[in-house]
Amino acid sequence: MWLSTLLATTLLSTLTSSHSTTNHTYTNPILPGWHSDPTCAHVPEHNTTFCATSTFIAYPGLPIYASKDLQNWKLASNAFNRPSQIPDLRNTTNQQGGIYAPTLRYHEGTFYLIVTYLGSSDIQGLLFTTTNPYNNSAWSDPLVFNVTGIDPDIFWDDDGTVYVTSAASGSSSGNHIQQYSLNLTTGAIGPIHNLWNGTGGSSPEGPHIFRKDGYYYLMIAEGGTELGHSETIARSRFRTGPWEAYSQNPLLTNRNTTQYFQTVGHADLFQDSRGEWWAVALSTRSGPAWKNYPMGRETVLAPARWEEGEWPVVQPVRGVMRGPLLPEDRGIVLGEGDWIDQPDSGSTVDFAPGSAIPAHFVYWRYPKTEDFVVSPRGYPNTLRLTPSFYNMTGTADFTPDDGLTLIMRRQTDTLFTYGVDVSFDPEVVDEEAGVTVFLTQEQHIDLGIVLLQNGLSFRFRVEGRGNYDGPLPGEIVSVPREWQTGSIRLEIQAVNDTTYAFSAAPSGDRSQKMVVGYADTKIVSGGTGRFTGALVGAYATTNGGAGYTPAYISNWRYHGQGQEIDYGRIVPSN
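What counts and what doesn't
Residues numbered from 1 in each chain as written. Predicted model: local features only at pLDDT ≥ 70, side-chain atom pairs only at ≥ 80, totals over all residues. Heavy atoms only, no water. UniProt positions renumbered as here; feature names shortened; annotations may be inferred. Pairing = 2+ DSSP bridges. Helix = DSSP H or I, 4+ residues; strand = E, 2+ residues; numbered from the N terminus. Axes fitted to C-alpha atoms, helices over the stretch in contact; angles between N-to-C directions.

The name given to the protein in an unreviewed UniProt entry is Beta-xylosidase C-terminal Concanavalin A-like domain-containing protein, and the organism recorded there is Aspergillus brasiliensis. Reading the Sequence similarities (unreviewed entry) entry of the UniProt record for the protein gives the comment "Belongs to the glycosyl hydrolase 43 family."

Okay, structure coming up:
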């Protein structure tokens, strides 16, 4: 089946190659919501570009997106999809630990995805491989190697030798880019060569090596991943240098501007099926104030030009851009997930009997799978959540392997409405089930149905404050008695680019909806989640009590309603 599909897509590429390429308008980000540290590889025989992003301690991780037109992206698979691949994730306490900065490459029929893993002990290098990017199980357990530094890149030299290029940023050996060979069978690494320390910006990292027109090109990020972020480049006739820095560096940045898209950097370059060059990079939609960016670091696309013997030239990142895009093409039929702009609706999130948890849902580290059951006996079309002992914040006694009953998806739109029906009949004080906007265990905004001493209540509460400096909201409201006999609809809505509204209603009569509380989006911007972005989802917990009453959620819906692409300029999400 895989071979026949490959032949079909190759034929399609041949048939469409005679069409002329013209510039088309498109909007950024192309991968909205938390999609940091993007890396892409175009595969001509598939007529498809594949991209991956960082996921830190979220699971499943390392999503692989596929596109034929660079505008419509489908979740092909999650390269990190089973605990056996990274057992140590269950022990990782750092809220921004885990999987950092992948590089995705395709070589002689195989996809290679190389990453740094920052776990509970040493930093490790991991190399995942597959020949079928549309199937989770086809991704290998990783080859583990002693990475020196972070943000590894994988590169095949002309003689076939494989090299890893990584950043020694922040290590005892200084701030520079280094390179060493890697044995793809044993994981053994060769001698380390220090290459370049950049143009003087802080934190040289995120390196990528390209071989073109008799030169080695080394592209890196500098200036840190905040407002000073930039992309610079150097080249050399020899793999180990000496390196000539591009006189027009930085190659790409929005620093020292008033642009809405900021922190642009950590870029990668690739060619499409027409030979056109493109850059992907991370960016935050924050403006230079850099206070309000709940979706965190997102993936943006910029047209590039790279003439023979010359340096690459990349257009500055904006919300609206023009580039030589191919005609719209949603011809990808394989894959574990759906199109990234497809709202959660219909059978994919109705938890039908025999269905699986949707591929774009994530947990915070590994879940206890028995706590998430689709359509249990007597409760069809629901997801049963068995409450975790600890709530999302936990206590000093919490350890990662205790697990959280928390299931989420990315916030991918400036304006959206997310909701679930919750059937929950708590019997013990402090049993709770609800919905959340979650950044880390130390930063989240929750609306729960909870049994308190004075009866069943809605509890709206906030943990952490991020970039918000005002009084934190909180509210406890009794659940109307007439609502207590059926399920209750809990809803989160981004009513504008700075405000979430949390509301409740009887599932059978949403006209009775009442807003329980409002929260500023800056609460889940920055702070302990500087590298991640907001997730929305559902949870159940005993809050450390003796309860065990499950909650049943159904009719999970996420509707994207608008994307802000410049100050005050919002375009429809779909």
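**Remarks on the pairing of strand β9 (residues 123-130)**
One ladder, built from eight bridges, connects strand β8 (residues 110-118) with β9; its direction is antiparallel. Opposite Ile 114, over in β9, you have Leu 127 as the bridge partner. Bridge count between β9 and strand β10 (residues 143-145): three bridges; the pairing is antiparallel. In the strand pairing of β10, Gly 125 is matched with Phe 145.

**Concerning the sheet that holds strand β32 (residues 455-463)**
Pairing between the strands of a sheet is mediated by backbone hydrogen bonds and can be parallel or antiparallel. Here six strands make up an open sheet; going across it, the order is β28-β37-β30-β31-β32-β33 and the pairing antiparallel. Every other strand in the sheet has two partners, leaving β28 (406-410) and β33 (475-478) as the edge strands with one partner each. When the angles between neighbouring strand axes are averaged without regard to direction, this sheet yields 20°. The pairing of strand β31 (residues 443-452) with β32 spans nine bridges and is classified as antiparallel. Paired with Asp 446 across the strands is Arg 461, a residue of β32.

**Thoughts on the sheet that holds β10**
Within the open sheet, the four strands sit side by side as β7-β8-β9-β10. Their pairing is antiparallel. The two strands at the open ends of the sheet, each matched to only one other strand, are β7 (98-107) and β10. Taken pair by pair, the neighbouring strands of this sheet meet at an average axis angle of 20°, ignoring direction.

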